Amino acid sequence: GAVVSQHPSWVICKSGTSVKIECRSLDFQATTMFWYRQFPKQSLMLMATSNEGSKATYEQGVEKDKFLINHASLTLSTLTVTSAHPEDSSFYICSASRSGTSTNEQFFGPGTRLTVL
Amino acid sequence: AQSVTQLDSHVSVSEGTPVLLRCNYSSSYSPSLFWYVQHPNKGLQLLLKYTSAATLVKGINGFEAEFKKSETSFHLTKPSAHMSDAAEYFCVVSEGAGSYQLTFGKGTKLSVIP
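Residues numbered from 1 in each chain as written. Chains lettered and ligands numbered in written order. Predicted model: local features only at pLDDT ≥ 70, side-chain atom pairs only at ≥ 80, totals over all residues. Heavy atoms only, no water.

Engineer: So what about the overall build of chain B? Which residues, and what values?
Structural biologist: In terms of helices and strands, chain B carries zero helices and 12 strands. For chain B, the sequential pattern of α-helices and β-strands runs β-β-β-β-β-β-β-β-β-β-β-β. In terms of overall dimensions, chain B is globule-like: its C-alpha atoms have a radius of gyration of 13 Å, near the 13 Å expected for 114 residues. A principal-axis box enclosing the C-alpha atoms of chain B has dimensions of 40 × 30 × 20 Å. For chain B, with 114 residues in total, the buried portion stands at 44%. Within chain B, contacts between residues separated by at least 24 positions form 57% of all contacts whose residues are at least 6 apart in sequence. When the accessible surface of chain B is totalled, it reaches about 5,500 Å², and 53% of it is carbon and sulfur. If you average the places of the 9 positive and of the 8 negative side-chain charges in chain B, the two averages end up 4 Å apart. (Helix = DSSP H or I, 4+ residues; strand = E, 2+ residues; numbered from the N terminus. Rg over C-alpha atoms; globule rule 2.2 N^0.38 Å. Buried < 20%, exposed > 50% of the residue type's maximum accessible area, 1.4 Å probe, protein only. Contact = heavy atoms within 4.5 Å. Areas by Shrake-Rupley, 256 points an atom, 1.4 Å probe, with all protein chains shown as cover. Lys, Arg positive; Asp, Glu negative; His and termini not counted. Charge placed at Lys NZ, Arg CZ, Asp CG, Glu CD.)

Engineer: Now, about the nonpolar core: what can you tell me, with residues and values included?
Structural biologist: Ranked by size, the top nonpolar core spans 26 residues in total, and within it Trp35, Leu48, Phe74, Leu76 and Tyr89 of chain B carry the most contacts. Broken down by element, this core gets its largest block of residues, four residues, from strand 10 (residues 87-95) of chain B. Setting aside residues no more than four positions away along its own chain, Phe74 of chain B makes contact with Cys23, Leu33, Phe34, Trp35, Leu48, Tyr50, Val57, Ala65, Glu66 and Phe67 of chain B. If you look at the next biggest cluster of nonpolar residues, it comprises 25 residues, including Cys13, Met33, Ala56 and Ala84 of chain A. (Core = buried A, V, L, I, M, F, W, Y, C linked by side-chain atoms within 4.5 Å.)

Engineer: Go over the pattern of salt bridges, please, and point to the residues and values.
Structural biologist: Pairing between side chains of opposite charge can happen when the charged atoms of each approach one another. Scanning the entire structure with this criterion turns up five salt bridges over all chains. The residue Arg24 of chain A makes a salt bridge to Glu22 of chain A at a minimum N-O spacing of 3.4 Å. Arg24 of chain A gets classed as partly exposed once you look at its relative accessible area, which sits at 34%. The closest approach of N and O atoms between Arg22 of chain B and Asp8 of chain B, which form a salt bridge, is 3.0 Å. Here Arg22 of chain B is found in the loop between strand 3 (19-21) and strand 4 (23-26), whereas its partner Asp8 of chain B is found in the loop between strand 1 (3-6) and strand 2 (10-14), with 14 residues between them in sequence. (Salt bridge = Lys/Arg side-chain N within 4 Å of Asp/Glu carboxyl O.)

Engineer: Any chance you could break down the side chain of Thr112 of chain A for me, citing the residues and the numbers?
Structural biologist: With respect to the helices, strands and loops of the structure, Thr112 of chain A is situated in strand 11 (residues 112-116). Side-chain polar atoms of Thr112 of chain A contact the backbone oxygen of Pro8 of chain A, separated by 2.6 Å. (Polar contact = N/O pair within 3.5 Å; in protein donor to acceptor, adjacent residues only side chain to side chain.)

Engineer: Got a sec to walk through the interface of chain B and chain A? Specific residues and values, please.
Structural biologist: On the side of chain A, 21 residues touch chain B, which itself brings 22 residues to the contact. When the two sides are added together, the surface that chain B and chain A hide from each other amounts to roughly 1,600 Å², 49% of it contributed by carbon and sulfur. Applying the counting rule to chain B against chain A returns zero salt bridges. Counting across the interface, chain B meets chain A through four residue pairs in polar contact (both at pLDDT 80 or more). Ranked by residue count, the leading element in the side of chain B that touches chain A is strand 5 (residues 31-38) of chain B, at four residues. Residues belonging to the side of chain B that touches chain A are distributed by class as follows: nine nonpolar, 10 polar and three charged. (Buried area = accessible area lost by both parts, 1.4 Å probe. Nonpolar A, V, L, I, M, F, W, Y, C, P; charged D, E, K, R; others polar.)

Engineer: Report on the side chain of Thr80 of chain A, specifying residues and quantitative values.
Structural biologist: Residues and elements named next belong to chain A. Tracing the sequence through the fold places Thr80 in strand 8 (residues 76-81). The exposure class assigned to Thr80 is buried, which follows from its relative accessible area of 15%. In contact with Thr80, not counting residues within four places along its chain, are Ser18, Val19, Lys20, Lys66, Phe67 and Leu68.

So, in structure tokens, the structure goes:
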């Protein structure tokens, strides 16, 4: 149990276009989902925390107008990179916390590799 | 505030020899501590977690870690390395069982020499 999927697993796009990445909890409900960014050979940096039905909370330095997060249901959160530029190329990983439990364990998706040309 | 320091960016061991990946943390509250493993171009997989129960935590694939409050450490060990253990390992801290805010260490790359 506790499987999180991401789609697509990789995407290549032209500069100036927008890209949507989906994060789904397949076998559990997730009140809270998280979006991380990982640069090559570096650790994960939290970008934002999203709660179902409310606005996402962005970390300092993350442009909320550029990285749009929607958490419309208990099993789906989306990250849209708007007007992508080469510096947005990165590995994006989502995670989800299981609803109704006291544990703070996060279950991670397999990641999405974004390359902006 | 919480922080994590992984003392080695790269550890290399021979297959069949013990593995030790070091992690020190700081936290204002009773922390939860995790070790995650990441294989190339993959997401993170939880190896084990400490949440104020037994201080010696056993995880998957033969890994274990010991929570030492006096030393603020949570080192990851395995008695005998396998080639498939070669990956990036992240030590992660969260302040208390009710907190969802995770702070990641910079990671330790484990290489296993045949």
